[in-house]
Structure formats: structure tokens, C-alpha cells
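Geometric and topological summary
Read off the chains here:
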Amino acid sequence: MKTYFLIPLLLFATIITANAQEVSKNAIGLRLGDSDGFGTEVSYQRGLSDNNRLELDLGWRSGDNYNAFRLTGLYQWVFNLDGNFNWFVGAGGGLAQVNIDNLPADVDDSETYLYAAGDIGIEYNFDIPLLLALDFRPEFGFGDFNDDVDFDIALAIRYQF
């Protein structure tokens, strides 16, 4: 009787282990995106467990009438799709400093604001230590300059170590 219970349990544990995606301990690279202006971010990912990680992005963004400096932090869950393909979802937030162009001289042309962010994307983990990802990040701003929803779509390339 114990054997009948033990065999399916071992088979189930083997399937779960085979489909689990291990997240690299560290990855660093660039994230190139667009949300009302072209932006570049230096992106660092730190694996917290086999399928969870923390992502920190430090970036610059420029549009027709502004330049911005941003710091974003996200907690992500990673799920295996097939082979080296994964999808991920996450949540977090950030802080931004924006300088607005084309304002009268007596008007303050800078603002610091907070934003909440979500993240969903797909990534390919190459056999070499290279990770390529495409993600969609809606951001909800809390400030005079950015008090609405922005949709950031970006391509990222990271070196894993």
C-alpha cells in the first residue's frame, strides 16, 4: 500500500522539478524602452529563490519637452513556458526627477514624483549567460507632471552571472 502512494508522489515531484525554472543569481544589462519618450535603463536582477527575483533599474528618459532620471524597483515571479522561454509578472514602484523644458523663467522647471508599477513580460534564457526579454510595464504616477498612467514597453538584454 505504501508503494502505491510513494510512486505517484515521486513521479509528481520529478515533474515539478523538471518544469521549475531556476532564476540566475545575478543579471546586469540594459533595458531600452518607450513611454512618451525614449528611455535607457541600467538593469540589475537579483535572484531571491528558484522562481522569484528583485529587479532594480536606474534610467534616463527624454521626450519632446522634458528629461527625467528614474529609479525603479520590482519584485518578479518567473514561470517556465517551454525550454528556455519564461514569462514573468511583477509589481513595484519608483522615484523620478523630471526637468521640464520650454517653461517661462519664473516657473519651476523640475519635479520629483513617485509612481507604482506593474510588469509582465517574456524572456529567453540562452545556453550562454545571456538573457533577452521583452516586457510591458504600466506605471501610475503621483505628481503634477505625471498624474496618469504611462505604458512602458521595453527590450532588455542582460548578462547573467
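Conventions used here
- Residues numbered from 1 in each chain as written.
- Predicted model: local features only at pLDDT ≥ 70, side-chain atom pairs only at ≥ 80, totals over all residues.
- Heavy atoms only, no water.
- Helix = DSSP H or I, 4+ residues; strand = E, 2+ residues; numbered from the N terminus.
- Contact = heavy atoms within 4.5 Å.
- Areas by Shrake-Rupley, 256 points an atom, 1.4 Å probe, with all protein chains shown as cover.
- Pairing = 2+ DSSP bridges.
- Buried < 20%, exposed > 50% of the residue type's maximum accessible area, 1.4 Å probe, protein only.
- Polar contact = N/O pair within 3.5 Å; in protein donor to acceptor, adjacent residues only side chain to side chain.
- Core = buried A, V, L, I, M, F, W, Y, C linked by side-chain atoms within 4.5 Å.
- Salt bridge = Lys/Arg side-chain N within 4 Å of Asp/Glu carboxyl O.
- Phe/Tyr/Trp six-rings, centres within 6.5 Å; stacked < 30°, edge-to-face > 60°.
- Lys NZ or Arg CZ within 6 Å of the ring centre and 35° of its normal.

Within the protein, the regular secondary structure consists of 1 helix and 8 strands. Secondary structure of the protein in N-to-C order comes out as α-β-β-β-β-β-β-β-β. Here the analysis covers contacts within the protein between residues at least 6 apart in sequence; of these, 50% occur between residues at least 24 apart. Carbon and sulfur atoms make up 66% of the accessible area of the protein, which totals about 9,600 Å².

Quick look at the pairing of strand β6 (residues 110–125) now. Relative to β6, strand β5 (residues 85–100) is paired through 15 bridges, and the arrangement is antiparallel. Note that in β6 the partner of Val-89 across the bridge is Ile-120. Where β6 lies against strand β7 (residues 130–142), 10 bridges are found, and the strand directions are antiparallel. Directly across from Tyr-115, in β7, lies its bridge partner Gly-141. Remark: 4 residues form the turn of the hairpin made by β6 and β7, two consecutive strands paired antiparallel.

A word on the side chain of Arg-53. Tracing the sequence through the fold places Arg-53 in strand β3 (residues 52–62). Residue classification places Arg-53 among the buried residues on the basis of a relative accessible area of 2%. Only 2.6 Å separates the side chain of Arg-53 from the side chain of Gln-76, close enough to count as a polar contact. Polar contacts involving the side chain of Arg-53 include one to the side chain of Glu-123, which spans 2.9 Å. Here Arg-53 is in contact with Val-23, Gln-45, Arg-46, Gly-47, Leu-48, Leu-74, Tyr-75, Gln-76, Val-78, Phe-88, Glu-123 and Leu-131, once residues within four sequence places are set aside.

Our focus in this paragraph is the nonpolar core. One finds Tyr-66, Ala-68, Leu-74, Ala-96, Val-98, Tyr-113, Tyr-115 and Ala-117 forming the largest nonpolar core, which totals 8 residues. Looking at this core, the elements that each hand over two or more residues are β4 (66–82), β5 and β6. Listed in part, the 5 residues of the second largest apolar core include Val-23, Val-78, Phe-88 and Ala-133.

In the structure shown here, the tally under the stated rule is 11 salt bridges. Ionic pairing is found between Glu-41 and Arg-31, a salt bridge with its closest N-O pair at 3.1 Å. Of this pair, Glu-41 sits in strand β2 (residues 38–47) while Arg-31 sits in strand β1 (residues 26–34), placing them 10 residues apart in sequence. For Glu-41, a relative accessible area of 1% translates into the label buried. Under the relative-accessibility criterion, Arg-31 is labelled buried at 1%. The residue Arg-53 makes a salt bridge to Glu-123 at a minimum N-O spacing of 2.9 Å. A residue pair is termed long-range when its members are at least 10 positions apart, and Arg-53 in strand β3 and Glu-123 in strand β6 qualify at 70 residues. The class for Glu-123 is buried, based on a relative accessible area of 3%. Salt bridges sharing partners connect three or more residues here, namely Arg-31, Glu-41, Glu-55, Asp-57, Arg-61, Asp-135, Arg-137, Asp-152 and Arg-158.

What follows deals with the packing of aromatic side chains. As enumerated under the stated definition, the model contains 7 aromatic pairs in all. With a centroid separation of 4.9 Å and an interplanar angle of 75°, the aromatic rings of Tyr-75 and Trp-77 are classed as edge-to-face. With relative accessibility at 31%, the residue Tyr-75 sits in the partly exposed group. The class for Trp-77 is partly exposed, based on a relative accessible area of 36%. With a centroid separation of 6.2 Å and an interplanar angle of 50°, the aromatic rings of Tyr-113 and Tyr-115 are classed as tilted. Each member of the pair, Tyr-113 as well as Tyr-115, is classed as buried. One aromatic cluster is present, formed by Phe-85, Tyr-124 and Phe-126 through successive ring pairs. One Lys or Arg, Arg-53, reaches over the ring of Phe-88 and ends 5.1 Å from the middle of that ring.

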